[in-house]
Amino acid sequence: MTDPDDPDAVTVLVNGVPSSYLDLADPTRLVFEYMQQFAAVVDRFDVAGQPLTVVHLGAAGCALARWVHTTRPGSQQIAVELDATLPELVRGWFDLPRSPALRIRSGDARTQLAAMPAGSADVVVRDVFAGDTTPPHVRTLEFTQDVARVLRPGGLYLANCADRPPLTTSRAEVATLAAVFADVAVVAEPALLRGRGYGNVVLAGTDDPTVLASAALDRAIRSLPAPARLLHGDDVRAFRGASPALVDLAPETEAEGADA
């Protein structure tokens, strides 16, 4: 769908849900606020401007992949999308980086991740949705452990969690990331953290103690067009509270849920 206010901009809708916004004239322009938050963290990861190996679980129009390709020249990226038709469409519609700079695979995010070599990625981004909900099988401890396996030592995991107060899902996901990564951060709009509205909560996990504790990152998050708040350290522990980590359901439990 073309943006009526900008002939160079389009929104990709998947099953009626806005999934990507692309400025076809400027790949560095990210409009979705959670994408800007993703970019702020990646900007301060590793050496600025140096190539990265990035895995995108859930890609839609590949807006973030285009941003990485432009801001980190020479990066190697893999985008995984469940809908087999969507990658063919976005390749035809948009000027996306060609393989091997950007390889697009169709399939289930968790299944594709399991086939990737250990230590093969600098960054893994999870932006997987079924409608407006993240499927449970890509939120669990076992899935997050596989993310950590695919990441190189000190690599970065970013996840987009759509949630509403009391942010039960986000708190449980923070507990899950904290069980796998040495350092975890949360980024969200202040109003959402105060219990108002519905929106995106960005979660970040890494074993590198310098990335999420950066004062520069905190300033960057607060300076975004839609100012957000970075929770780290004690603030993350308070946000998590007593929430337990999410784990895979036993097969018989899944079957019972399906029968119900």
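Below is a short write-up of the structure. (Residues numbered from 1 in each chain as written. Predicted model: local features only at pLDDT ≥ 70, side-chain atom pairs only at ≥ 80, totals over all residues. Heavy atoms only, no water.)

1. Some remarks on the overall build of the protein
- Within the protein one finds 10 helices and 11 strands.
- At 18 Å, the protein has a C-alpha radius of gyration in line with the 18 Å of a compact globule built from 260 residues.
- Structurally, the protein occupies a C-alpha span of about 45 × 45 × 35 Å along its principal axes.
- Counting every position in the protein, which comprises 260 residues, the buried fraction comes to 48%.
- Summed over all atoms, the accessible surface of the protein reaches about 11,800 Å², with 53% contributed by carbon and sulfur.
- Charge centroids of the protein, computed over 22 positive and 33 negative side chains, lie 5 Å from each other. (Helix = DSSP H or I, 4+ residues; strand = E, 2+ residues; numbered from the N terminus. Rg over C-alpha atoms; globule rule 2.2 N^0.38 Å. Buried < 20%, exposed > 50% of the residue type's maximum accessible area, 1.4 Å probe, protein only. Areas by Shrake-Rupley, 256 points an atom, 1.4 Å probe, with all protein chains shown as cover. Lys, Arg positive; Asp, Glu negative; His and termini not counted. Charge placed at Lys NZ, Arg CZ, Asp CG, Glu CD.)

2. Regarding the pairing of strand β2 (residues 6-14)
- Taken together, the 2 bridges between strand β1 (residues 2-3) and β2 define a ladder with antiparallel strand orientation. The residue bridging Asp3 from the neighbouring strand is Asp6, located in β2.
- Adjacent in sequence and paired antiparallel, β1 and β2 are bridged by 2 residues.
- Bridge count for β2 against strand β3 (residues 17-23) is 6 bridges, and the pairing is antiparallel. Residue Thr11 lies in a different strand from β3, and its bridge partner there is Tyr21. (Pairing = 2+ DSSP bridges.)

3. Here's the deal with the pattern of salt bridges
- Within this structure, the stated rule accounts for 10 salt bridges.
- A salt bridge links Arg237 to Asp234; the nearest nitrogen and oxygen atoms lie 2.6 Å apart. Here Arg237 pairs with Asp234, and both are found in helix α9 (residues 234-240), just 3 residues apart, close to one helical turn. The pair formed by Arg237 and Asp234 is uniform in burial state, with each residue classed as exposed.
- Each of Asp6, Asp23 and Arg29 takes part in a single network of salt bridges with overlapping partners. (Salt bridge = Lys/Arg side-chain N within 4 Å of Asp/Glu carboxyl O.)

4. A look at the packing of aromatic side chains
- Taken as a whole, this structure holds 4 aromatic pairs when the rule is applied.
- When the ring of Phe32 is compared with that of Tyr34, the centres are 6.2 Å apart and the planes differ by 35 degrees; the resulting orientation is tilted. You'll find Phe32 and Tyr34 in the same group, each marked buried.
- One aromatic cluster is present, formed by Phe32, Tyr34 and Phe38 through successive ring pairs.
- We note Arg171 situated over the ring of Phe239; from NZ or CZ to the ring centre the distance is 4.5 Å. (Phe/Tyr/Trp six-rings, centres within 6.5 Å; stacked < 30°, edge-to-face > 60°. Lys NZ or Arg CZ within 6 Å of the ring centre and 35° of its normal.)

5. What about the side chain of Asp23?
- If you trace the backbone, Asp23 turns up in strand β3.
- Exposure remark for Asp23: the relative accessible area of 7% places this residue in the buried category.
- A distance of 3.1 Å separates the side chain of Asp23 from the backbone nitrogen of Asp26, its partner in a polar contact. (Polar contact = N/O pair within 3.5 Å; in protein donor to acceptor, adjacent residues only side chain to side chain.)

6. Here we look at helix α6 (residues 168-178)
- Regarding α6, the residues found buried are Ser170, Ala172, Glu173, Val174, Ala175, Thr176 and Leu177.
- Its buried side turned inward, α6 meets β7 (121-126), α5 (141-150), β8 (151-163), β9 (183-188), β10 (199-206) and α9. (Contact = heavy atoms within 4.5 Å.)

7. Here's the deal with the sheet that holds β10
- Strands sit in the order β6-β5-β4-β7-β8-β10-β9-β11 across an open sheet of 8 strands; the sheet is mixed. Across the chains shown, the open sheet's two edge strands, defined by having one partner strand only, are β6 (102-106) and β11 (229-232). Averaged over all pairs of adjacent strands, the angle between strand axes in this sheet comes to 15 degrees, irrespective of strand direction.
- One ladder, built from 5 bridges, connects strand β4 (residues 53-57) with strand β5 (residues 76-81); its direction is parallel. Note on β5: the bridge partner recorded for Leu57 is Val80.
- Packed onto the sheet, helix α1 (residues 33-43) meets β7, β8, β9 and β10 and runs at close to 165 degrees relative to β8. (Axes fitted to C-alpha atoms, helices over the stretch in contact; angles between N-to-C directions.)

8. Re the sheet that holds β3
- Spatial ordering of the open sheet is given by β1-β2-β3, a layout of 3 strands whose pairing is antiparallel. Two strands close off the open sheet at either side, each with one partner strand: β1 and β3.

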